[in-house]
There are 2 protein chains.
Amino acid sequence: MTLPLRFDWRKLEKFCARVFERAGVPQESAAIIADSLIQADLRGVESHGVVRTAIYLKRVEAGRMDPAAEIRIVNETGAMALIDGGNNFGSVIGTKALQEAMKRAKDFGVGIAAVKGSNHFGTGAYYALKAIAQNQILLVMSNASQTMPPTGGVRPFIGTNPLAVGAPAGEQLPFILDMATSVVARGKIIVASQKGEAIPLGWAIDSDGNPTTDADAALAGSVLPVGGPKGYAISMFIDILSGVLTGAGFGKYVNNMYENWEQPQNVGHFFIALDIDKFIPIDVFKSRMDDYIRSLKEEPKAPGVKEILIPGELEFRQTDRLKAEGITLPLKVVEELAEIGKRYDLELLEAAYQTT
Amino acid sequence: MTLPLRFDWRKLEKFCARVFERAGVPQESAAIIADSLIQADLRGVESHGVVRTAIYLKRVEAGRMDPAAEIRIVNETGAMALIDGGNNFGSVIGTKALQEAMKRAKDFGVGIAAVKGSNHFGTGAYYALKAIAQNQILLVMSNASQTMPPTGGVRPFIGTNPLAVGAPAGEQLPFILDMATSVVARGKIIVASQKGEAIPLGWAIDSDGNPTTDADAALAGSVLPVGGPKGYAISMFIDILSGVLTGAGFGKYVNNMYENWEQPQNVGHFFIALDIDKFIPIDVFKSRMDDYIRSLKEEPKAPGVKEILIPGELEFRQTDRLKAEGITLPLKVVEELAEIGKRYDLELLEAAYQTT
């Protein structure tokens, strides 16, 4: 039987949710995790999509993630809450943290949720999009296990600690920045490795510190920080907020999801939610955003450039396209998902895209 | 008479404060402005040092800055305050905003001061250092007039909107990130222009969009964002928080300090203060910071690298050195200051460094 490579996003989401449920994840949590993975695929961020199903499951099965763990507020003062995720799924903890930050923003103008005891929480955009829908601005960051050297170093010490920021607009598309602090997201190198493709020079160094175009050598070595010392410093401040301040791991104490099978990851996150209407009327804000975005898009273009893009714009278009045309997955990922389906008595084939 | 090139930092600070006072700036404000300028010189950030005295004065004298303006809270909810600077000096407004943010952080865990109606506020590190001294973490950002093209554009549209983050440590030096969102701070190109030096390729494009090493051509053209689309997006989110959200200028509505003599700058800032002790005990935080910093500094080094540096470390050393050895200024700046001194009946010579 030939495996399909193109999937209907709704059906694939259902398949993933069911897989997680059968692996012992509560239904509500399974829905969040599947939603987060599929949204990443739809936005074209394959590295954070259903490709992660296998590793998430593996950590649950190995007892290194606890889908039943209680997510608790361990400390709170007015506008801030410190949350212990108890080693539950990152996106489940992140969703709870987002709610706490947004609730506080409604009362105090700004709300903070600082999180320890978490795991890989998917894309930051996942949370930013939810905040935007409630007319809030969100800054969200997370630390991650060691993948980049500090400036002047030769081996991984800091993570590619991501930063995401979302802000709504009116008639224009919202602003969504979601970036790793590396030249490129490490996930892109993972995808290149899975596809057997080379990577551009400048993305990474090998384990001896030499520049490399070999994706596997890069994964064994270090990703480089964006803008040299600037990316190093941004990654470090994200770690200070997400890790040092929260009680989560930081630097070498954030455990690798793929390699450490003895301990939980102990990832930390930091959510800052701003309730726009407390600053200026939301309609005024949105029309100012529209003005800003329109002016940017009307700027003269460099030769060969068709269009000035706003951060997040491509991903919105990609989502529309893939919702209509289906999500195409690499064979390796499809095989993995089919195998997982078999283990949990679920049929991946049912999620195949049907031309109408 | 030969002009001195080396100055005693205390005496130079006094000279600057007196100049501003005689130009009609209230004594308390003049002290803040001088403190901010001298601290920048001491940290080796010449671009934000006493070199700015002339342009600040020129804007006051032209009626484009109002040193007597009231700085008012126009809107507040719990942990946030929206402040209208009334077109006073940026560093005076920034100092007031910092106090407001820090006061709220003490009560609510986090405090926000969002600022409109301001001017160039000096370095972000100026505020971060004050927050650290009170055991708070500070994120501070500001927008700025147009100097960088969006990705795909050819002319300046967004500012090199700076981001600064400070966090205290225990035995180690504090963490201080203070960066422009350009490959390098535009101020460095201004300094190169004043010194008549070339700039490295990749820092900027000329007004036709071509790469250039000519500092003057770069100033007439555009500085480039750090990391391409990532720097563009970071600059934009800083503008959204500092400008779109506050009611200040944003994008093309932030007026150029050097070129626009018709209108105030209407710069916006955004301060986020976090009271560390509300998250985890301050001593625990500091010892975790020490552990983090020590581990980083002990990392193996790339060939030719003597030392792994923590963001801000060089600037602390520079400060110690220049406090002892004096601040050396370029002749052009000294001539300008001497001329200003004459205008206000003050003798720059008295600030000269004396070997003991």
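Rules behind the numbers
- Per-chain numbering applies: the sequence of each chain, read as written, is numbered from 1 onward.
- For naming, the first written chain is A and the first written ligand is 1, with later ones following in the order written.
- Only residues with pLDDT of at least 70 get local features here, since the model is predicted, and only at 80 or more are side-chain atom pairs given and counted; chain-wide, interface and lining totals rely on the full set of residues.
- Side-chain metrics in this entry use all non-hydrogen atoms of the structure; hydrogen atoms and water are not considered.
- UniProt positions are given in the numbering used here, feature names are shortened, and annotations may be inferred rather than shown by experiment.
- All axes are obtained by fitting lines to C-alpha atoms, using only the stretch in contact for helices, and the reported angles, taken between N-to-C directions, cover 0 to 180 degrees.
- We count a stretch as a helix when DSSP gives it H or I for four or more residues in a row; a strand needs E for two or more, and each element gets its number in order from the N terminus.
- An angle counts as roughly parallel when it lies under 35 degrees, as roughly antiparallel when it exceeds 145, as roughly perpendicular when it falls between 65 and 115, and as oblique in every other case.
- Contacts are assigned to residue pairs that have any heavy atoms within 4.5 Å of one another.
- Note that Gly is not counted as nonpolar here; it falls among the polar residues with everything else outside the nonpolar set of Ala, Val, Leu, Ile, Met, Phe, Trp, Tyr, Cys and Pro and the charged set of Asp, Glu, Lys and Arg.
- Overlaid copies result from least-squares superposition on C-alpha atoms, with residues included only where pLDDT is at least 70 in both.
- Criterion for a salt bridge: a side-chain nitrogen of Lys or Arg within 4 Å of a carboxyl oxygen of Asp or Glu.
- Only protein chains enter the accessibility calculation, which uses a 1.4 Å probe; a residue whose area is less than 20% of its type maximum is buried, one above 50% is exposed, and one in between is partly exposed.
- Charge counting treats Lys and Arg as positive and Asp and Glu as negative, with His and both chain ends excluded.
- Distance and chemistry together define a polar contact, namely a pair of N or O atoms within 3.5 Å, with one atom able to donate a hydrogen and the other to accept it when in protein, and with adjacent residues in sequence counting only for side-chain atoms on both sides.
- In this scheme, strands are said to pair when DSSP sees at least two bridges between them.
- The split into domains, and so the bounds of each, comes from an automatic or database assignment of domains.
- Simply put, the buried area is the total loss of 1.4 Å probe accessible area from both parts when two parts are fitted together.
- Throughout this description, the term nonpolar core refers to a set of buried Ala, Val, Leu, Ile, Met, Phe, Trp, Tyr and Cys residues connected via side-chain atoms within 4.5 Å.
- How far a helix is expected to stretch is found by multiplying one less than its residue total by 1.5 Å.
- Each residue carries a pLDDT score, the predictor's own confidence in it, on a scale running from 0 to 100.

- Chain A appears in an unreviewed UniProt entry as Malate dehydrogenase from Cohnella kolymensis.
- What the UniProt record of chain A gives under Sequence similarities (unreviewed entry) is the line "Belongs to the LDH2/MDH2 oxidoreductase family."

### Side note on the packing of helix α2 (residues 27–42) of chain A against helix α5 (residues 124–133) of chain A
Residue and element names in this part refer to chain A.
(1) Moving on: Two elements in contact, α2 and α5, have axes separated by 9 Å at closest approach and are oriented at 105 degrees. By the angle between their directions, the pair α2 and α5 is classed as roughly perpendicular. Each of Ile32, Asp35, Ser36 and Gln39 in α2 lies in contact with α5, whose residues at this interface are Ala125, Tyr126, Leu129 and Lys130.
(2) Moving on: The residue inventory of the contact of α2 with α5, partitioned by class, reads four nonpolar, two polar and two charged.

### Considerations on the relation of the copies chain B and chain A
For these two chain copies, the linking operation is a rotation about an axis paired with a shift along it.
(1) Moving on: You can overlay chain B on chain A at an RMSD of 0.0 Å; the transform is a turn of 180 degrees with a shift of 0.0 Å along its axis. Both copies of the chain, as the preceding transformation shows, are related through a two-fold rotation axis. Residue glycine 227 of chain B, judged by its C-alpha, is the member of chain B lying nearest the rotation axis, at 2.7 Å.
(2) Moving on: When the interface residues of chain B are mapped onto chain A, 100% of them again lie at the interface, so the same face is used by both copies.

### Some thoughts on the pattern of salt bridges
(1) Moving on: Scanning the model with the defined rule gives 32 salt bridges over all chains in all.
(2) Moving on: The salt bridge involving arginine 343 of chain A is made with glutamate 61 of chain A; its shortest N-O contact spans 2.8 Å. Linking arginine 343 of chain A in helix α11 (residues 331–343) with glutamate 61 of chain A in helix α3 (residues 53–61), this pair joins segments that are 282 residues apart in sequence.
(3) Moving on: A residue is classified by how much of its surface remains accessible, and glutamate 61 of chain A, at 42% relative accessible area, is partly exposed.
(4) Moving on: Arginine 104 of chain B is the salt-bridge partner of glutamate 76 of chain B, the closest N and O atoms lying 2.2 Å from each other. Taken together, the residues glutamate 76 of chain B in strand β2 (residues 72–77) and arginine 104 of chain B in helix α4 (residues 90–108) connect sequence positions 28 residues apart.
(5) Moving on: Judged by relative accessible area, which is 48%, glutamate 76 of chain B ranks as partly exposed.
(6) Moving on: On the accessibility criterion, arginine 104 of chain B (5% relative accessible area) is buried.
(7) Moving on: A single network of salt bridges, built from pairs that share partners, joins Glu76, Lys96, Glu100, Lys103 and Arg104 of chain A.

### Here's the deal with the side chain of arginine 288 of chain B
(1) Moving on: Considering the arrangement of structural elements, one finds arginine 288 of chain B in helix α9 (residues 282–297).
(2) Moving on: For the buried residue arginine 288 of chain B, which engages in no salt bridge, the nearest side chain bearing the opposite charge is aspartate 291 of chain B, 7.3 Å off.
(3) Moving on: Only 3.0 Å separates the side chain of arginine 288 of chain B from the backbone oxygen of valine 244 of chain A, close enough to count as a polar contact.

### Details of the sheet that holds β2 of chain B
All names here are of chain B.
(1) Moving on: The seven strands lie next to each other as β2-β3-β4-β10-β5-β6-β7, forming an open sheet whose pairing is mixed. Single-partner strands in this sheet number two, and they are β2 and β7 (175–179). For this sheet, the mean inter-axis angle between neighbouring strands, taken without regard to orientation, is 10 degrees.
(2) Moving on: Pairing of strand β4 (residues 110–118) with strand β10 (residues 267–275) involves seven bridges; the strand directions are antiparallel. Pairing of alanine 114 across the sheet is with phenylalanine 270, part of β10.

### A word on the domain arrangement of chain A
Residue and element names in this part refer to chain A.
(1) Moving on: Entries for chain A in the domain assignment read domain 1 (1–61 + 328–356), domain 2 (67–182 + 225–278 + 288–312) and domain 3 (194–224).
(2) Moving on: One C-alpha centre belongs to domain 2, the other to domain 3; they are set 25 Å apart.
(3) Moving on: Taken together, the contacts link ten residues of domain 2 with five residues of domain 3.
(4) Moving on: Here domain 2 meets domain 3 over a buried area of about 520 Å², counting both sides, of which 58% is carbon and sulfur.
(5) Moving on: At the junction of domain 2 and domain 3, the tally comes to zero salt bridges.
(6) Moving on: Viewed at the interface, domain 3 and domain 2 are joined by one residue pair in polar contact (both at pLDDT 80 or more).

### Focus on the environment of isoleucine 199 of chain A
Residue and element names in this part refer to chain A.
(1) Moving on: Residue position: isoleucine 199 is located in the loop between α6 (186–195) and β8 (204–205).
(2) Moving on: The sequence separation of isoleucine 199 and glutamate 299 amounts to 100 residues, and the corresponding C-alpha distance is 32 Å.
(3) Moving on: Non-local contacts of isoleucine 199, meaning those with residues more than four positions away in its chain, are made with Ile189, Ala192, Ala204, Thr212, Thr213, Asp214, Ala215 and Ala218.

### Side note on the nonpolar core
(1) Moving on: One finds Phe237 of chain A together with Phe237 of chain B to be the most contacted residues of the largest nonpolar core, which totals 109 residues.
(2) Moving on: Leave out the neighbours within four places in its chain, and phenylalanine 237 of chain A touches Met141 of chain A together with Leu139, Leu163, Val165, Phe175 and Leu177 of chain B.

### Points about the pairing of strand β5 (residues 136–142) of chain B
Residue and element names in this part refer to chain B.
(1) Moving on: Taking burial as the measure, the seven residues of β5 include seven buried ones, the bulk of the element.
(2) Moving on: Side chains of β5 alternate between two faces, with Gln136, Leu138, Val140 and Ser142 and Ile137, Leu139 and Met141 buried alike.
(3) Moving on: Strand direction decides the pairing type here: β5 and β10, joined by seven bridges, are antiparallel. From the neighbouring strand, serine 142 faces β10, where its bridge partner is histidine 269.
(4) Moving on: Summarising the sheet, β5 and strand β6 (residues 163–167) pair through four bridges and their orientation is antiparallel. Residue pairing in the sheet places methionine 141 in a bridge with leucine 163 of β6.

### Brief notes about helix α10 (residues 313–325) of chain A
Residue and element names in this part refer to chain A.
(1) Moving on: Over its 13 residues, α10 extends 18 Å from the first C-alpha to the last, a length consistent with the 18 Å expected when each residue adds 1.5 Å.
(2) Moving on: Within the sequence span of α10, burial applies to Glu313, Phe316, Thr319 and Leu322.
(3) Moving on: Lining the buried residues of α10 we find α2, α5, β7 (175–179), α9 (282–297) and β11 (327–328).
(4) Moving on: Immediately downstream of α10, the backbone of glycine 326 shows phi near 95 degrees, a positive value.

### Focus on the confidence of the model for chain A
(1) Moving on: With 99% of its residues at a pLDDT of 70 or more, chain A has an overall mean of 95.
(2) Moving on: If you check the scores for this complex, the pTM reads 0.96 and the ipTM reads 0.96.

### A few points about the sheet that holds strand β5 (residues 136–142) of chain A
(1) Moving on: Read across the sheet, seven strands follow the order β2-β3-β4-β10-β5-β6-β7 (chain A) without closing on themselves; strand pairing throughout is mixed. The sheet is open, and its two edges are formed by β2 (72–77) and β7 of chain A, each paired on a single side. For this sheet the average axis-to-axis angle between neighbouring strands, irrespective of direction, equals 10 degrees.
(2) Moving on: Running at roughly 95 degrees to β5 of chain A, helix α8 (residues 229–244) of chain A makes contact with β4 (110–118), β5, β6 (163–167) and β10 (267–275) of chain A of the sheet.
(3) Moving on: Strands β5, β6, β7 and β10 of chain A of the sheet are contacted by helix α8 (residues 229–244) of chain B, whose axis makes an angle of about 130 degrees with β7 of chain A.

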